[in-house]
Amino acid sequence: MQILQRRPRRNRLNAGIRAMVQETSLQIADFIFPMFVMEGQGIKSEIKSMPGIFRYSLDTLLIELKEVQSLGIKSICLFPNYPESKKDKYGSESLLPETLYLRALSEVKSKFPDLVIMTDVALDPYSSDGHDGVVENGKIINDETVEILTNMSIAQAKAGADIIGPSDMMDGRVGAIRKGLDRAGFTDVSIMAYTAKYASAFYGPFRDALDSAPKFGDKKTYQMNPANIKEALLEAQLDFEEGADIMMVKPAFSYLDVIKALKDNFNIPISAYNVSGEYAMIKAASQNGWIDGDKAMMEMLLSMKRAGADIILSYFAKEVAVILNEG
Ligand code: PBG
């Protein structure tokens, strides 16, 4: 027998002890559930590359929200799917008072006043170029885009949004949106900046959901290079100074070090976006019987909490809620 002063296995001896020494855990309140709305009636159409996730017309979205809320989920993030016919160079559709997205926001807010609604601010759902900003001569134009994003944010705040989520990665947009919201009287509407958003292959299924893949090129002149982390700290410093209330890292699973770096350096909440491709990987592997989907899901999400995420945007939110509610 070895004489060992320290036997770490004593703290793993049984379920009670393991629970007692557990350092991090998931709570339903940590989660934001991303959802997709489209035009039409009575529609609930599954996204092929995201089994279990659907695009809803407004009427079926409201029905689904009852279930979402009954599971204890307190917050959603809404994305619109628009037909090609509504798209143009400037994303003009996004500012029309009667447009689907703004109608959906106000309808959801009036039917579910306690639900926290986060929006998406970027041109891509409305852009005929499939880019997050205005394209001129093959380039994405920063400052003109920021003006549109500011107007989009004000329109969304008017419609009832609680949290504005600029996902576009233009320079200076957080400051411009903050000023615009304040001037329009929306000092209470907060901004969750997509602060460190990487040019990632893991957004593929989301672009299927929105039919929003870029028509040419890629997003590398605005989204970040996956090789960089100092640049994430610069983006965070700017978003912090410009008034972001919450800062996001996206994707999450391949960027846990970035989550930790932001958490260690900034005293505001940090969120992690467990993106569509991360969801799709687990679903595909578990449907093949190659991994235990529920366990892999919980482990993946827990790693984000451990890295320092206070908030997780995840398509798994409902499944996690079911597991947590069972205890
Ligand atoms: C676009 C946007 C994207 C996502 C959220 N907002 C895709 C992109 O930048 O091309 C991806 C979310 C996901 O993959 O789950 N503004």
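Refer to the structure presented above.
Residues numbered from 1 in each chain as written. Predicted model: local features only at pLDDT ≥ 70, side-chain atom pairs only at ≥ 80, totals over all residues. Heavy atoms only, no water.

### So, the overall build of the protein chain
Helix and strand counts for the protein chain come out as 11 helices and 12 strands. Each principal axis of the C-alpha atoms in the protein chain carries an extent, and together these give about 75 × 45 × 40 Å. Per-residue burial for the protein chain yields a buried fraction of 54% across its 327 residues. In the protein chain, once contacts between residues fewer than 6 apart in sequence are set aside, the share between residues at least 24 apart is 74%. In the structure as shown, the protein chain presents an accessible area of about 15,100 Å², 52% of it carried by carbon and sulfur atoms. Taking the average location of the 37 positive side-chain charges in the protein chain and that of its 44 negative ones, the two points are 7 Å from each other. (Helix = DSSP H or I, 4+ residues; strand = E, 2+ residues; numbered from the N terminus. Buried < 20%, exposed > 50% of the residue type's maximum accessible area, 1.4 Å probe, protein only. Contact = heavy atoms within 4.5 Å. Areas by Shrake-Rupley, 256 points an atom, 1.4 Å probe, with all protein chains shown as cover. Lys, Arg positive; Asp, Glu negative; His and termini not counted. Charge placed at Lys NZ, Arg CZ, Asp CG, Glu CD.)

### Quick word on the pairing of strand β1 (residues 31–38)
The buried fraction of β1 is high, at 8 of 8 residues. Of the strand pairs in this sheet, β1 and strand β12 (residues 311–314) are connected by 2 bridges, and their pairing is parallel. Each residue of the ladder has a partner; that of Ile32, found in β12, is Leu313. Here β1 pairs with strand β4 (residues 75–81) via 6 bridges, running parallel. Bridged to Met35 within β4 is Leu78. In terms of strand pairing, β1 meets strand β3 (residues 54–57) through 3 bridges, oriented parallel. (Pairing = 2+ DSSP bridges.)

### A short note on the site of the ligand
Around the ligand sit 18 residues, and of these Asp124, Arg207, Lys250, Ser276 and Tyr315 come closest. Arg207 is positioned such that a nitrogen or oxygen atom in its side chain is 2.6 Å from an oxygen atom of the ligand. Surface burial for the ligand is 100%, taken as the share of its 400 Å² of free accessible area covered by protein chains. When grouped by side-chain class, the residues that make up the shell around the ligand number 8 nonpolar, 3 polar and 7 charged. (Near = heavy atom within 4 Å. Polar contact = N/O pair within 3.5 Å; in protein donor to acceptor, adjacent residues only side chain to side chain. Nonpolar A, V, L, I, M, F, W, Y, C, P; charged D, E, K, R; others polar.)

### Brief notes about a positive patch on the surface
Together, Arg6, Arg7, Arg9, Arg10 and Arg12 line one region of the surface with positive charge. Residue position: Arg10 is located in the segment before α1 (15–20). (Patch = residues over 30% accessible without salt bridge, like charges linked within 9 Å, V, L, I, M, F, W, Y side chains within 5 Å. Salt bridge = Lys/Arg side-chain N within 4 Å of Asp/Glu carboxyl O.)

### A look at helix α2 (residues 58–70)
The first and last C-alpha atoms of α2 sit 19 Å apart over 13 residues, in line with the 18 Å expected at 1.5 Å per residue. In this structure, the buried side of α2 is in contact with β1, β3, β4, α3 (100–111) and α11 (317–326). Following α2 by one or two positions, Gly72 has its phi on the positive side, about 100°. (Expected span 1.5 Å × (residues − 1).)

### Things to note about the packing of helix α9 (residues 276–287) against helix α10 (residues 293–307)
In contact at an axis separation of 9 Å, α9 and α10 are set at 155° when each is read in the N-to-C sense. One way to sum up the angle between α9 and α10 is to call them roughly antiparallel. Judged by the sense of rotation from one axis to the other, the crossing of α9 with α10 is right-handed. Between α9 and α10, the contacting residues are Glu278, Ile282 and Ser286 on the first element and Gly293, Ala296, Met297, Met300 and Met304 on the second. Residues of the contact of α9 with α10, tallied by class, amount to 5 nonpolar, 2 polar and 1 charged. (Axes fitted to C-alpha atoms, helices over the stretch in contact; angles between N-to-C directions. Parallel < 35°, antiparallel > 145°, perpendicular 65-115°, else oblique. Left-handed = near helix turned anticlockwise from the far one by under 90°.)

### Re the packing of aromatic side chains
For the coordinates displayed, the defined rule picks out 12 aromatic pairs. Centroid distance Tyr279 to Tyr315: 5.9 Å. Interplanar angle 65°. Geometry classified as edge-to-face. Taken together, the positions of Tyr279 in helix α9 and Tyr315 in the loop between β12 and α11 put the pair 36 residues apart, joining distant regions of the chain. Like Tyr279, the residue Tyr315 is buried in the burial classification. The interplanar angle of 45° and the centroid separation of 4.7 Å between the aromatic rings of Tyr279 and Phe316 together place this pair among those described as tilted. Of the two residues, Tyr279 is situated in helix α9 and Phe316 in the loop between β12 and α11; the sequence distance between them amounts to 37 residues. Comparing Tyr279 with Phe316 shows no difference in burial state: the two are buried. Grouped by ring-pair contacts, the aromatic residues Phe36, Phe79, Tyr194, Phe206, Tyr273, Tyr279, Tyr315 and Phe316 constitute a single cluster. Lying over the aromatic face of Tyr90, Lys89 brings its terminal NZ or CZ to 5.8 Å of the ring centre. Taking NZ or CZ as reference, Lys250 lies 5.9 Å from the ring centre of Phe206, over its face. (Phe/Tyr/Trp six-rings, centres within 6.5 Å; stacked < 30°, edge-to-face > 60°. Lys NZ or Arg CZ within 6 Å of the ring centre and 35° of its normal.)

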